[in-house]
Amino acid sequence: EAGVAQSPRYKIIEKRQSVAFWCNPISGHATLYWYQQILGQGPKLLIQFQNNGVVDDSQLPKDRFSAERLKGVDSTLKIQPAKLEDSAVYLCASSLGLAYQETQYFGPGTRLLVL
Amino acid sequence: RKEVEQDPGPFNVPEGATVAFNCTYSNSASQSFFWYRQDCRKEPNLLMSVYTSGNEDGRFTAQLNRASQYISLLIRDSKLSDSATYLCVVNGGRASGGSYIPTFGRGTSLIVHP
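These numbers were taken from a predicted model, which means no experiment stands behind them.

Engineer: Even after reading the chapter, I still don't get the overall build of chain B, so can you show me in this structure?
Structural biologist: Tallying secondary structure elements over chain B gives zero helices and eleven strands in all. Helices and strands appear in chain B in the N-to-C order β-β-β-β-β-β-β-β-β-β-β. Taking 114 residues into account, the globule formula puts the C-alpha radius of gyration at 13 Å, and chain B, at 14 Å, falls close to it. Its C-alpha atoms give chain B principal-axis dimensions of about 50 × 30 × 25 Å. The buried share of chain B, taken over its 114 residues, is 45%. Taking the intrachain contacts of chain B between residues at least 6 apart in sequence as the baseline, contacts between residues at least 24 apart amount to 56%. Only carbon and sulfur atoms are counted for the fraction: they give 47% of the accessible area of chain B, which is about 5400 Å². Taken as two groups, the 11 positive and 10 negative side-chain charges of chain B have centres that lie 5 Å from each other.

This is the structure:
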C-alpha cells in the first residue's frame, strides 16, 4: 500500500515570497491533516479536512496560510507571503476516518527554509 | 498550562536499561491517547495506542491515569535502535463538527548508548 506522498521535499525561498506544498493521502483515507513542526517542537495542527470539508482550522494563520482539498483526495497548502518564522517542516497525515481512535499516517514532510 | 506537556529530555540511558516517560494533558474530556516515535529528520510513526487503562507490546508498555491526567511509556531492555524522539498525542479538543482534534506534545528525546 502506498503511503502519504508529499512534494516538494525541500524548499528555500526568500521572505515575502509565496510557496505551495502538495499532499496525496493514502487511498481511501477520508481525513487529511496538515501540521507545522518547528525544530525542537512537536507537530502543530494547522488544518484538518474530512473529504473536501474543513473540520478544524483554528490554528491556521489565515492572513497568510490557505489550504484546499477540492476533490476530497489530494491537498495543497499555500503560504503567501512567507515570513522567517515559517521555516519549519510541513507534515501531511491521513487517517481512515474521524473516529477518535484513528491512527494517523504521516508523509515524509516538506522542509521549508525562509531566508 | 499547555494542553499536552512532555519533558523534552534528553534521557541518556545505557543499553538494557528501563526508562519511562510521562505526558500530562489538561483536557479532562480527552478520549484517546497515542505514542508516536520520530527518528531524526523523519516523520512520526505510531508506536502505541492507549484507549482504556493501558497497552503492552513487547518491551513497550503504555499506561493511562485519567485521575491524574497523564499517560506514560515504559521501555524495558533498551536497545540502541530505540534512540529517537517519543511524541505524546492526545485527542481532546472538539471541533465545531464534533470531531476530535489531535494535539501533540513537544516530544521526549531518548538516547541509548552502548
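Engineer: Can you help me understand the sheet that holds strand β1 (residues 5–7) of chain A in this one?
Structural biologist: All names here are of chain A. One open sheet accounts for four strands, arranged β1-β3-β8-β7; its pairing is antiparallel. At either end of the open sheet lies a strand with only one pairing partner, and these are β1 and β7 (65–68). For this sheet, the mean angle separating the axes of adjacent strands, direction not counted, is 15°.

Engineer: What is the right way to look at the nonpolar core in this model?
Structural biologist: Buried together is how nonpolar side chains tend to be arranged in soluble globular proteins. F21, W35, L73, I75, Y86 and L110 of chain B are the most contacted members of the largest nonpolar core, which has 23 residues in total. For this core, the secondary-structure elements that each account for two or more residues are β3 (19–25), β4 (32–38), β5 (44–50), β7 (60–65), β8 (70–75), β9 (84–94) and β11 (108–113) of chain B. With residues near it in sequence (within four places) discarded, L73 of chain B still touches V19, A20, F21, W35, L47, M48, F60, T61 and Y86 of chain B. Residues V4, V19, F21 and F49 of chain A belong to the second largest nonpolar core, which totals 21 residues.

Engineer: For this particular structure, what's the right way to read the pairing of strand β6 (residues 54–57) of chain B?
Structural biologist: Sheet faces and side chains relate simply in a regular strand, where the side chains alternate between the two faces. Residues and elements named next belong to chain B. Pairing of β6 with β7, which is carried by four bridges, proceeds in the antiparallel orientation. Residue pairing across strands places G54 opposite Q63, the latter belonging to β7. Counted between consecutive antiparallel strands, the loop separating β6 from β7 contains two residues, among which G58 sits at a positive phi close to 65°.

Engineer: I keep staring at the packing of aromatic side chains and nothing clicks. Help me out?
Structural biologist: Geometry of an aromatic ring pair is reported as the spacing of the ring centres plus the angle between the planes. As enumerated under the stated definition, the model contains twelve aromatic pairs over all chains in all. On the basis of an interplanar angle of 85° and a centroid distance of 5.9 Å, the ring pair of F106 of chain A and Y36 of chain B is categorised as edge-to-face. A residue pair is termed interchain when its members come from two chains, as with F106 of chain A in strand β10 (residues 105–106) and Y36 of chain B in strand β4. Looking at Y36 of chain B, the relative accessible area reads 1%, which means it is buried. Ring centres of F106 of chain A and F104 of chain B lie 5.9 Å apart, and the angle between their planes is 80°; this geometry places the pair in the edge-to-face category. Residue F106 of chain A is found in strand β10, and its partner F104 of chain B is found in strand β10 (residues 100–104); the two belong to separate chains. With relative accessibility at 6%, the residue F106 of chain A sits in the buried group. What makes F104 of chain B buried here is its relative accessible area of 8%. By the ring-pair criterion, three or more aromatic residues cluster together here, those being Y33, Y35 and F106 of chain A together with F34, Y36 and F104 of chain B.

Engineer: Explanation requested: the environment of S18 of chain A in the structure shown.
Structural biologist: Residue and element names in this part refer to chain A. Within the secondary structure layout, S18 lies in the loop between β2 (10–13) and β3 (19–24). Measuring from C-alpha to C-alpha, the distance between S18 and I79 comes to 5.6 Å, with 61 residues separating the pair along the chain. Each residue touching S18, except ones within four places of it in the same chain, is listed here: I13, I79 and Q80.

Engineer: Looking at this structure, I do not really get the interface of chain A and chain B. What am I missing?
Structural biologist: Accessible area lost upon the coming together of the parts is a frequently used measure of interface size. In this assembly, 23 residues from chain A lie in contact with 22 residues from chain B. Taken over both partners, the interface formed by chain A and chain B buries close to 1800 Å², and the fraction arising from carbon and sulfur atoms is 55%. Scanning the region where chain A abuts chain B turns up zero salt bridges. At the surface where chain A touches chain B, the tally comes to four residue pairs in polar contact (both at pLDDT 80 or more). Take the side of chain A that touches chain B: its biggest share by element is three residues, from strand β4 (residues 31–37) of chain A.

How each quantity is defined
Residues numbered from 1 in each chain as written. Chains lettered and ligands numbered in written order. Predicted model: local features only at pLDDT ≥ 70, side-chain atom pairs only at ≥ 80, totals over all residues. Heavy atoms only, no water. Helix = DSSP H or I, 4+ residues; strand = E, 2+ residues; numbered from the N terminus. Rg over C-alpha atoms; globule rule 2.2 N^0.38 Å. Buried < 20%, exposed > 50% of the residue type's maximum accessible area, 1.4 Å probe, protein only. Contact = heavy atoms within 4.5 Å. Areas by Shrake-Rupley, 256 points an atom, 1.4 Å probe, with all protein chains shown as cover. Lys, Arg positive; Asp, Glu negative; His and termini not counted. Charge placed at Lys NZ, Arg CZ, Asp CG, Glu CD. Pairing = 2+ DSSP bridges. Axes fitted to C-alpha atoms, helices over the stretch in contact; angles between N-to-C directions. Core = buried A, V, L, I, M, F, W, Y, C linked by side-chain atoms within 4.5 Å. Phe/Tyr/Trp six-rings, centres within 6.5 Å; stacked < 30°, edge-to-face > 60°. Buried area = accessible area lost by both parts, 1.4 Å probe. Salt bridge = Lys/Arg side-chain N within 4 Å of Asp/Glu carboxyl O. Polar contact = N/O pair within 3.5 Å; in protein donor to acceptor, adjacent residues only side chain to side chain.

That's the geometry; what it means functionally is another story.
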